[in-house]
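An overview of the molecular structure
Listed here are the chains, written in short residue letters.
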Amino acid sequence: MDTCWRHWAACSAAYERATKQSPLFTPTWCQLAKVKACQADYGGARLATERVLAIDPDYKPASVYLGIIALLKGDPAAAREVFVKYNYPLGIALAEHDLGHPAQSQHALDQWIAQHARDDAFHIAAAFAWHGDRDQAFAWLQRAIAQHDSSVPTLKYDPLMRAL
């Protein structure tokens, strides 16, 4: 078994144990969802995310993550519905790209950049990576590093960055 997958399996098992010890602690469920998504276990990621929403139905990041999971599963139409419902332009840019709507994708991405160039360079880089624009992705990653963006350490395993 590949070393990387062994670590993900151990990480997943640890979060699963933690959810049993504190079943109402939403951050653990959120992390379990992300680990499952990194393992391409989108069903498991969805179940963990739905558990978060069962505990806290108003937790928007979990709702938006359902869109990310749909996108990763190859269902950009379902992802777009989620992103529109929660007014998440970055997600809309990703879904519109996969739906073959470059103008709508660029418009949504431009909107996100206008609002978040100073505080979310990493996720802007992820959008460019998803679009296949490696040069822009790396330029925004450099900005993320300069801004000390807390998401930079996730670069190696973020499923939206797989194209890099």
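First, a word on scope: everything that follows refers to the structure included in this document.

This part takes up the overall build of the chain. Helix and strand counts for the chain stand at nine helices and zero strands. In terms of principal-axis extent, the alpha carbons of the chain reach across some 45 × 35 × 30 Å. The buried share of the chain, taken over its 164 residues, is 44%. For the chain, long-range pairs separated by at least 24 residues make up 45% of all intrachain contacts whose partners lie at least 6 apart in sequence. Counting every atom, the chain has about 8900 Å² of accessible surface; 55% of that belongs to carbon and sulfur. Taken as two groups, the 16 positive and 17 negative side-chain charges of the chain have centres that lie 6 Å from each other.

This part covers the pattern of salt bridges. Evaluated as defined, the whole model comprises four salt bridges. A salt bridge links glutamate 16 to lysine 36; the nearest nitrogen and oxygen atoms lie 2.6 Å apart. With glutamate 16 in helix α1 (residues 3–21) and lysine 36 in helix α2 (residues 26–38), this residue pair connects regions lying 20 residues apart in the sequence. The partly exposed category is assigned to glutamate 16, whose relative accessible area is 27%.

Scanning the model with the defined rule gives three aromatic pairs in all. Consider the rings of tryptophan 8 and tyrosine 157, whose centres lie 5.1 Å apart with planes at 75°: the pair is edge-to-face. Here the residue tryptophan 8 occupies a position in helix α1, and tyrosine 157 occupies one in the segment after α9 (134–146), the gap between them amounting to 149 residues. A ring pair is formed by tyrosine 88 and tryptophan 112, whose centres lie 5.2 Å apart and whose planes are at 75°; its orientation type is edge-to-face. Here tyrosine 88 is found in the loop between α5 (76–85) and α6 (89–98), whereas its partner tryptophan 112 is found in helix α7 (residues 102–116), with 24 residues between them in sequence.

About the criteria used
- Throughout this description, residue numbers start from 1 for each chain and increase along the sequence as written.
- Only residues with pLDDT of at least 70 are given local features in this predicted model, and only at 80 or more are side-chain atom pairs given and counted; all residues enter the totals for whole chains, interfaces and linings.
- Values shown for side chains rest on all heavy atoms present in the structure; no hydrogens or waters enter the calculation.
- Secondary structure follows DSSP: runs of H or I at least 4 residues long count as helices, runs of E at least 2 residues long count as strands, and numbering of each begins at the N terminus.
- Each residue is assigned to one of three classes by its accessible area relative to the maximum for its type, calculated with a 1.4 Å probe on protein chains only: buried under 20%, partly exposed between the two thresholds, exposed over 50%.
- We call two residues contacting when some pair of their heavy atoms lies within 4.5 Å.
- Only the protein chains shown count as cover for residues, with accessible areas throughout obtained via the Shrake-Rupley method and a probe of 1.4 Å.
- Positive residues here are Lys and Arg, negative ones are Asp and Glu, while His and the chain termini are left out of the count.
- Every charge is mapped onto a representative atom, which is NZ of Lys, CZ of Arg, CG of Asp or CD of Glu.
- Any Lys or Arg side-chain nitrogen found within 4 Å of a carboxyl oxygen on Asp or Glu counts as a salt bridge.
- The pairing test for Phe, Tyr and Trp rings, Trp by its six-membered ring, is centres within 6.5 Å, and the orientation test on the planes gives stacked under 30 degrees, edge-to-face over 60, and tilted for anything in between.

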